[in-house]
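Structural overview for review
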Amino acid sequence: MENIKIENTEFIEANEEAVELATQYILEKVVGQTSLPDCLHIAIATINRADFLISWNFKHIVNVQRIRGYNAINIKNGYKQIEIRSQEIL
């Protein structure tokens, strides 16, 4: 994070919509219940129409099977797909 300028950073808090979407990721078994913080991260980025979500979490976030699961649920709920990548892939 030390390379990201504060003027290029936006902090967004979770709201009820994000919690509902994150919960749906878990209910649809994209990931387990212990991954709620990861799901909230993805849901917040999704509902706020982020162009990319960058993560170093290769187990629960930057994982092709899981990305497909998150995006299937996003589309089912009327959201756009989210591009999830690691810094190295950009």
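Structural notes, computed from the coordinates. One numbering rule holds for all chains: residues counted from 1, following each sequence as written. The predicted nature of this model means local features are confined to residues of pLDDT at least 70 and side-chain atom pairs, given and counted, to a pLDDT of 80 or more, with totals for whole chains, interfaces and linings taken over all residues. Calculated side-chain values reflect all of the structure's heavy atoms, with hydrogen atoms and water omitted.

Description of the nonpolar core
Just so we agree on the cut-off: Joining through side-chain atoms within 4.5 Å is the link that ties buried Ala, Val, Leu, Ile, Met, Phe, Trp, Tyr and Cys residues into a set, and such a set is a nonpolar core. Burial status follows relative accessibility: with a 1.4 Å probe on protein chains alone, a residue under 20% of its type maximum counts as buried, one over 50% as exposed, and anything between as partly exposed. The numbering of helices and of strands both runs from the N terminus, where a helix is a DSSP run of H or I of at least 4 residues and a strand a run of E of at least 2. Residues are treated as being in contact if the distance between any of their heavy atoms lies within 4.5 Å.
The biggest cluster of nonpolar side chains holds 21 residues, and the ones touching the most others in it are Tyr25, Cys39, Ile42, Leu53, Tyr70 and Ile84. Of all the secondary-structure elements, those providing two or more residues to this core are α1 (16-27), α2 (36-47) and α3 (64-76). The dominant element in this core, judged by the number of residues it contributes, is α2, at six residues. Filtering out sequence-adjacent residues up to four positions away, Tyr70 remains in contact with Tyr25, Val30, Val31, Cys39, Ile42, His60, Ile61 and Ile84.

Here we look at the packing of aromatic side chains
Quick reminder of the rule: Pairing of aromatic side chains requires ring centres within 6.5 Å, counting the rings of Phe and Tyr and the six-membered ring of Trp. Pairs whose planes differ by under 30 degrees are stacked, by over 60 edge-to-face, and all others tilted.
Following the criterion strictly, the structure yields one aromatic pair and no others. Centroid distance Tyr25 to Tyr70: 4.9 Å. Interplanar angle 75°. Geometry classified as edge-to-face. Taken as a pair, Tyr25 in helix α1 and Tyr70 in helix α3 lie far apart in primary sequence, 45 residues in all. Here the two residues Tyr25 and Tyr70 agree in accessibility, since each one is buried.

Quick notes on unusual backbone geometry
With a phi close to 65°, Lys29 is a non-glycine residue in the positive phi region. With respect to the helices, strands and loops of the structure, Lys29 is situated in the loop between α1 and α2. Taking relative accessible area as the criterion, Lys29 reaches 71% and is therefore assigned exposed. Located in the positive-phi region is Arg49, a residue other than glycine, with phi close to 55°.

Some remarks on the side chain of Ser55
Quick reminder of the rule: In protein, a polar contact requires one atom able to donate a hydrogen and another able to accept it; more generally it is a pair of N or O atoms within 3.5 Å, and residues adjacent in sequence count only if both atoms are side-chain atoms.
Position of Ser55 among the secondary structure elements: in the loop between β1 (52-54) and α3. Polar side-chain contacts of Ser55 include one of 2.9 Å to the backbone nitrogen of Asn57. Setting aside anything within four residues of it in sequence, one finds Ser55 in contact with Ile61, Val62, Arg85, Ser86 and Gln87.

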